Amino acid sequence: MPVESVRLTNFTAFKKLEIEFSPGVNILIGENGTGKTHLLKVLYGACDVSQSTEGLAEKLVRLFLPSGNALGRLVRRQKGSATASLAVIRDGLTVRVSFSNHTKQASSAQTLGLRKWREKPVESVYIPVKEMLANAPQFRSLYALREVHFEAEYADILDRAFRPLLRGPVDPQRAELLERLRETFRGTVKTENEEFFLNSREGRIEFTLVAEGFRKLGLLWLLIQNGTLLDGSVLFWDEPEANLNPALYGPLVDILLQLHRLGVQVFLTTHDYVMLREFDLRQKDTDRILYLSLYRDPETDEIQHATSETLSELHPNVIQKTFGDIYDRVVQRALTGETFG
Amino acid sequence: MILREGDIEIEFPDTAQVERFDVPSKHGLTHCMKAVDFVVTDSGRTFFLEIKDFEHPAAPPDRTSADAQRFLTGQLNEDLKHKFRDTFLYKWAEKKLSDPPWFVLLVALTDLTEAELLAQQTELQRILPVSLPETVKKRWKQPLSSGCLVFNMETWQRHFPAYRVRRKSAKDSSPRD
């Protein structure tokens, strides 16, 4: 049951945003401060509460950590009273939440549609930018005791990672995907007393000693192995390329496309040209990819969005533009300056 | 004057000298020396110009996309390197090399982005050679080339506004003014 659309009014950096998503892969680009991560968190929060007893407003507070847990601080900052409203639509169902900037408690927010929303639960996972598996031991107990000031996605990802591996035969498509992943980080992942290890040719290496990029790929392997990422799940991944050498972007994109073909809806943000181009070059006609650009309107400074099914048609494309600028400067320097050697 | 290579046309000012270089009968040595498409001299600069059209309207699509792939994976670079060097030798023999020539490659491929142009340019600079390692810079007293640049039609127009480029087929099919 893929996420279909979102409507945000006066929420954090957004004045008004309405986006329709692809049931396949949604790739978000945009300069820093255009709300990409916030958008992902809203969608993830909505998906996650479909499977829990936590309220959506409460989940938002734990995901965004406004000071003093004051929900009202998530309303777009402006003078006077204002109301934020959020709506996420999935499979014909809508969950809505609204609150004013005076709201101190999440319980004071108005939520609509949550009961029906929970009648069709959806499995979702949010992979944060900072890899967490290396810091897993005892993290969850500290988090539960409210002893660490971390956003909810850091505890949630560990919950997903610790799920036991599925037993029994793996279907050939998933088996192939797992094998391809294994080749990228050259090993398998094992858990022991909340500590993660990479079992490779070199032996059993604790995650704290493994390269962060490999830990992330190891996490993906775990999530597929333990059934979290299956047909019908939704994956949210903030900057998957962080800490990965560009040589691995191609294989990573391949794996993400395979997940999409297996029925996982994917949302990711990226700052990287190679990531975008790899999707553009590897996508098949049967794949459903949507490129989204968040940008600030030059006149109003409000965040707007643009979408395209092909990368070349996406405007504005700040990543492309940056390369364009570099290219122009290189050519100009050659044409006007010293070029010997 | 208008320079034509297949479907691509470039307009140079009348003061420029434009020579179609890869004509076997005029060149005389194409059996053993490679040749760039054109040698253009304008405003004191000499360009060895090579044009690659990967979207010629009349060519079969899978042929051009195979060629485009070869270009993108750098497989044409050996050929381009020899075209540059052999043209240089020929022009030296003609005593027509007053300044180090520029090697300019115009690639007509709409999908090509500036990042890819930069990557191709950097690789070509390494092999022509244009960018030199320190040991060589100490030994060479003069460069082989003033620079190596790779353009697509859009960036060509941006950096050479005086040399208008267009497709002959686009011109023919557009309505009369």
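Calculation rules
Residues numbered from 1 in each chain as written. Chains lettered and ligands numbered in written order. Predicted model: local features only at pLDDT ≥ 70, side-chain atom pairs only at ≥ 80, totals over all residues. Heavy atoms only, no water. Helix = DSSP H or I, 4+ residues; strand = E, 2+ residues; numbered from the N terminus. Expected span 1.5 Å × (residues − 1). Buried < 20%, exposed > 50% of the residue type's maximum accessible area, 1.4 Å probe, protein only. 1 Å grid on protein atoms, 1.4 Å probe; cavity = no way out; pocket = protein on both sides within 12 Å on 5 of 7 lines; lining within 4 Å. Points joined across faces, edges and corners; volume = space filled by probe spheres on them. Nonpolar A, V, L, I, M, F, W, Y, C, P; charged D, E, K, R; others polar. Phe/Tyr/Trp six-rings, centres within 6.5 Å; stacked < 30°, edge-to-face > 60°. Lys NZ or Arg CZ within 6 Å of the ring centre and 35° of its normal. Domains from an automatic or database assignment. Contact = heavy atoms within 4.5 Å. Buried area = accessible area lost by both parts, 1.4 Å probe. Salt bridge = Lys/Arg side-chain N within 4 Å of Asp/Glu carboxyl O. Polar contact = N/O pair within 3.5 Å; in protein donor to acceptor, adjacent residues only side chain to side chain.

Novice: What am I meant to see in helix α7 (residues 212-225) of chain A here?
Specialist: Note that an α-helix has 3.6 residues per turn; residues three or four places apart therefore point the same way. All names here are of chain A. Look at α7: 20 Å from first C-alpha to last across 14 residues, which is about the 20 Å you get at 1.5 Å a residue. Counting buried positions along α7 gives 12 out of 14 residues, so the element sits mostly inside the fold. Those residues of α7 not exposed but buried are Gly 213, Arg 215, Lys 216, Leu 217, Gly 218, Leu 219, Leu 220, Trp 221, Leu 222, Leu 223, Ile 224 and Gln 225. Among the residues trailing α7, Gly 227 stands out with phi positive, at a value near 80°.

Novice: What am I meant to see in the layout of surface pockets here?
Specialist: Remark: the empty space left among the atoms is shown by a probe the size of a water molecule rolled over them. Of the pockets and cavities examined, the largest pocket occupies roughly 580 Å³. Lining the largest pocket are 25 residues, and of these A:Ser312, A:Gln320, B:Thr110, B:Thr113 and B:Glu154 lie nearest its centre. When residues in the lining of the largest pocket are grouped by element, the largest group, 4 residues, is from helix α9 (residues 273-282) of chain A. Of the residues assigned to the lining of the largest pocket, the class counts are 10 nonpolar, 8 polar and 7 charged. Looking at the second largest pocket, its volume works out to about 420 Å³.

Novice: How should the packing of aromatic side chains be read in this particular structure?
Specialist: The description of two aromatic rings rests on the distance between their centres and on the angle between their planes. Within the structure shown, the criterion is met by 22 aromatic pairs over all chains. Between the aromatic rings of A:Tyr273 and A:Phe323, the centroid separation amounts to 4.8 Å while the plane-to-plane angle is 50°, which identifies the pairing as tilted. Of this pair, A:Tyr273 sits in helix α9 while A:Phe323 sits in helix α10 (residues 318-336), and the two are 50 residues apart along the sequence. Of the residues examined, A:Tyr273 reaches a relative accessible area of 11% and is grouped as buried. Ring geometry for B:Phe151 and B:Trp156: centres 5.7 Å apart, planes at 80°, overall edge-to-face. Judged by its relative accessible area of 2%, B:Trp156 is buried. Following the ring pairs from residue to residue traces out a cluster consisting of B:Phe12, B:Phe47, B:Phe151, B:Trp156, B:Phe160 and B:Tyr163. Cation over ring: A:Arg90 sits above A:Trp117, and NZ or CZ is 4.2 Å from the ring centre. Geometry around A:Phe197 places A:Arg204 over its ring, the cationic atom sitting 4.0 Å from the centre.

Novice: Just to check I follow, could you spell out unusual backbone geometry for this structure?
Specialist: Note on backbone geometry: most residues besides glycine have negative phi, and most peptide bonds are trans. Cis geometry marks the peptide bond from A:His315 to A:Pro316; its omega dihedral reads 0°. Counting through the fold element by element, A:Pro316 comes out in the loop between β14 (303-308) and α10. Note the cis peptide between B:Leu128 and B:Pro129, where omega equals 0°. Its place among the elements puts B:Pro129 in the loop between α4 (114-127) and α5 (134-139). Unusually for a residue other than glycine, A:Thr12 sits at a positive phi of about 40°. Its identity is not glycine, yet A:Glu194 carries a phi of approximately 70°, on the positive side. Its place among the elements puts A:Glu194 in the loop between β8 (188-192) and β9 (195-200).

Novice: Help me understand the domain arrangement of chain A, please; the structure alone is not making it clear to me.
Specialist: In many reports, interface size means the accessible area that the parts give up when they come together. All names here are of chain A. What the domain assignment lists for chain A is domain 1 (1-123 + 230-341) and domain 2 (131-228). Between the C-alpha centres of domain 1 and domain 2 there is a distance of 24 Å. Listed as interface residues are 25 residues of domain 1 and, on the opposing side, 24 residues of domain 2. Each partner contributes to the roughly 2200 Å² buried at the junction of domain 1 and domain 2, and carbon and sulfur atoms together form 61% of this total. Summed over the shared surface of domain 1 and domain 2, the result is 7 salt bridges. In this structure, Glu 123 and Arg 160 form a salt bridge, with 3.7 Å as the shortest nitrogen-oxygen distance. At the boundary of domain 1 with domain 2, the tally comes to 14 residue pairs in polar contact (both at pLDDT 80 or more). Contributing elements (two or more residues each) for the side of domain 1 that touches domain 2: α1 (36-49), α2 (56-64) and α8 (249-261). Ranked by residues supplied to the side of domain 1 that touches domain 2, first place goes to α8 with 6 residues.

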